[in-house]
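# Structure assessment
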Amino acid sequence: MAAGEGVKLIGYWASPYALRVEWALKLKGIEYEYVDEDLSNKSALLLQCNPVHKKIPVLVHDGKPVAESLVIIEYVDEVWKEKYPLLPRDPCERAKARFWAKFADEKCAPALFATFYKQGEEQEKFAKETQEHLKTLESGLEGKPFFGGETIGFVDISVAWIVVWAQITGEIVNIKLVDEECLPLLFVWFQQVLENPSIKDCLPPREKLLEHNRGFHKMYVLRAAST
């Protein structure tokens, strides 16, 4: 079977979690079929492939589904080992990479989403928390161009979406979350990540993503005002 044969990704165009799986597949040079899911009317395929969480993304490889974005990225790296390794070979470095990816998902992302949803003092609190977590994340670069060293790897594709969504969120709520002066290393790292065509070409159109998220934000503001 050819390396990319029978590979299907069930995602959603505005999902950062589906996006990072696409980045892994693109960096590996794996051909795949992309299925854009209607999250308001989930397909039988999604429910069949991910009956536990019923969420995207799901990778279907040779008829077998794999769910959860970070799990998928590790699966892709393990199956296609010879194509652009994402995780380091050294066990200690591999553990460190998993640590930073988990830190971003468990600390940075929730604070960022709360900044988007909340209002007033609560919003300011979570914005500050987001910036503090991003500063901690920045320390993981350890003076290297990328988290894994000289090339884009597991951590880079796992966390780069946060900067994209932080910029979008900041524009919507009028709070600058990614400050070049406060986060100089992270800022330069992100620009370097975006220089890779496999990363840049997968990004949703910025204006479309901005308007999509503006709609969500307006809905949450109106809901909060009516309670």
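Residues numbered from 1 in each chain as written. Predicted model: local features only at pLDDT ≥ 70, side-chain atom pairs only at ≥ 80, totals over all residues. Heavy atoms only, no water.

So, on to the pairing of strand S3 (residues 58-61). Residue alternation in S3 divides its side chains into two sets, Val58 and Val60 and Leu59 and His61, and both sets are buried. Across four bridges, strand S1 (residues 7-11) lies against S3 in antiparallel orientation. Looking at S3, one finds that leucine 9 is bridged to leucine 59. In this sheet, strand S4 (residues 64-67) lies alongside S3 in antiparallel orientation, the contact comprising four bridges. Residue pairing across strands places valine 58 opposite alanine 67, the latter belonging to S4. In sequence, S3 turns back onto S4 through a hairpin of two residues, with aspartate 62 there showing a positive phi of about 55°. (Buried < 20%, exposed > 50% of the residue type's maximum accessible area, 1.4 Å probe, protein only. Helix = DSSP H or I, 4+ residues; strand = E, 2+ residues; numbered from the N terminus. Pairing = 2+ DSSP bridges.)

Turning our eyes to something else, we now look at helix H5 (residues 120-139). Residues spaced three or four apart along an α-helix face the same direction, because each turn holds 3.6 residues. Here H5 is 20 residues long and its end C-alpha atoms lie 29 Å apart, about the 28 Å a rise of 1.5 Å per residue gives. Those residues of H5 not exposed but buried are Gln123, Phe126, Ala127, Thr130, His133, Leu134, Leu137 and Glu138. Mapping the buried residues of H5 onto a view down its axis gives an arc of 145°, with all of them on the same face. The exposed set on the far side of H5, more than 90 degrees from its buried face, consists of Glu121, Glu124 and Lys128. (Expected span 1.5 Å × (residues − 1). Arc of directions from axis to C-beta.)

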